[in-house]
Amino acid sequence: MTEWEKLQSGQIYNDFDDDLFRRRVEAKKLFRAYNKTEDDETDLRKQLMTDLFKNVGKDVWIEPDFHCEFGKNIVIEDNVYINFGCVILDCAEVVIGANSLLGPNIGIYAVNHSIDADERIAGGCMSAPVHIGKNVWLGGDVKIMAGVTIGDNVVIGAGSIVTKNIPDNVIAVGNPCRVLRPITDADKIGYLQSK
């Protein structure tokens, strides 16, 4: 297997592999070009996202400065907003569900270096997918670790470090991130009735 195939299948791989380096360079060219665009260059932004990501839906808005590792493992569904300073290390699949809102300085890290120093120095890495459900709001500076699934309709409080799965329909906060409480009808503020 190639190192890319090992990475894709969640096996231990060599982070210093030449092919992986080349893939990172291609991703950097695309996200750097994206980061230089202006807000009114919507067609160019859409084309760059299409070239960079595995799949990108309709009405996706990403504020510069955006960075990712490969891009080709990222799926962004419809109607997603990603605020300034997002970093996605997509060494495994990263899915961002429809109608999600990502605050500033989000970090999504679908990879871990080897804990053993000798293995780490030699380039040992392993990856695990990150799945963010639909209708999710990640507050500013949230970090999501490899292997985490966040359910639908979830709010993750600002500054949280998400190391374990989070179920649907809850508010979760902290380091490590824990469920605070369910989201209920009592959380409605009357906005839809006022429209």
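Above: the structure in question.
These numbers come from a predicted model, not from an experiment.

Calculation criteria
- Residues numbered from 1 in each chain as written.
- Predicted model: local features only at pLDDT ≥ 70, side-chain atom pairs only at ≥ 80, totals over all residues.
- Heavy atoms only, no water.
- Helix = DSSP H or I, 4+ residues; strand = E, 2+ residues; numbered from the N terminus.
- Axes fitted to C-alpha atoms, helices over the stretch in contact; angles between N-to-C directions.
- Parallel < 35°, antiparallel > 145°, perpendicular 65-115°, else oblique.
- Left-handed = near helix turned anticlockwise from the far one by under 90°.
- Contact = heavy atoms within 4.5 Å.
- Nonpolar A, V, L, I, M, F, W, Y, C, P; charged D, E, K, R; others polar.
- Salt bridge = Lys/Arg side-chain N within 4 Å of Asp/Glu carboxyl O.
- Pairing = 2+ DSSP bridges.
- Phe/Tyr/Trp six-rings, centres within 6.5 Å; stacked < 30°, edge-to-face > 60°.
- Buried < 20%, exposed > 50% of the residue type's maximum accessible area, 1.4 Å probe, protein only.
- Lys NZ or Arg CZ within 6 Å of the ring centre and 35° of its normal.

Draft legend 1. Broad picture of unusual backbone geometry. That bond from Pro-64 to Asp-65 is cis: its omega, 5°, falls within 30 degrees of zero. Its location among the elements puts Asp-65 in the loop between strand 3 (61-62) and strand 4 (67-68). Here the amide bond leading from Asn-175 into Pro-176 is cis, since omega sits at 0°, within 30 degrees of zero. For Pro-176, the position within the fold is in the loop between strand 19 (170-174) and strand 20 (177-182).

Draft legend 2. Representation of the packing of helix 2 (residues 18-35) against helix 3 (residues 42-52). Viewed as axis vectors pointing N to C, helix 2 and helix 3 meet at an angle of 160°, and their least axial separation amounts to 10 Å. As the angle between them shows, helix 2 and helix 3 are arranged roughly antiparallel. When you trace helix 2 past helix 3, the crossing you get is left-handed. Contacts between helix 2 and helix 3 involve Ala-27, Leu-30, Phe-31, Ala-33 and Tyr-34 from the first element and Arg-45, Leu-48, Met-49, Asp-51 and Leu-52 from the second. Of the residues that constitute the contact of helix 2 with helix 3, the class distribution is eight nonpolar, no polar and two charged.

Draft legend 3. Summary view of the pattern of salt bridges. Applying the stated criterion to the full structure yields ten salt bridges. Among the salt bridges present, the one from Arg-24 reaches Asp-15, with a minimum N-O distance of 2.5 Å. For Arg-22, the salt bridge goes to Asp-19, with nearest N and O atoms at 2.7 Å. Pair noted here: Arg-22 and Asp-19 are both in helix 2, with a separation of three residues, about one helical turn.

Draft legend 4. Looking closely at the sheet that holds strand 12 (residues 124-127). Sheet architecture is open: three strands sit in the order 1-12-11, paired in antiparallel fashion. In this open sheet, the two edge strands, each paired with only one partner strand, are strand 1 (13-14) and strand 11 (111-113). As paired strands, strand 1 and strand 12 are joined by two bridges and run antiparallel to one another. When the bridges of strand 12 are listed, Asn-14 appears paired with Gly-124.

Draft legend 5. Spatial organisation of the pairing of strand 12. One ladder, built from three bridges, connects strand 11 with strand 12; its direction is antiparallel. Across the sheet, residue Asn-112 finds its bridge partner in strand 12, namely Met-126.

Draft legend 6. Geometry of the packing of aromatic side chains. Summed over all chains, the structure comprises two aromatic pairs. Ring centres of Trp-4 and Phe-70 lie 5.2 Å apart, and the angle between their planes is 70°; on these two criteria the pair is classed as edge-to-face. Placement of Trp-4 in helix 1 (residues 3-8) and of Phe-70 in the loop between strand 4 and strand 5 (74-76) is noted, with a sequence separation of 66 residues between them. The same class applies to Trp-4 and to Phe-70, which are both buried. Between the aromatic rings of Phe-53 and Phe-66, the centroid separation amounts to 5.8 Å while the plane-to-plane angle is 90°, which identifies the pairing as edge-to-face. Remark: Phe-66 occurs in the loop between strand 3 and strand 4 and Phe-53 occurs in the loop between helix 3 and strand 2 (55-56); sequence separation between them is 13 residues. One Lys or Arg, Arg-23, reaches over the ring of Trp-4 and ends 4.1 Å from the middle of that ring. A cation over a ring is seen here: Arg-45 above Trp-61, with NZ or CZ 5.1 Å from the ring centre.

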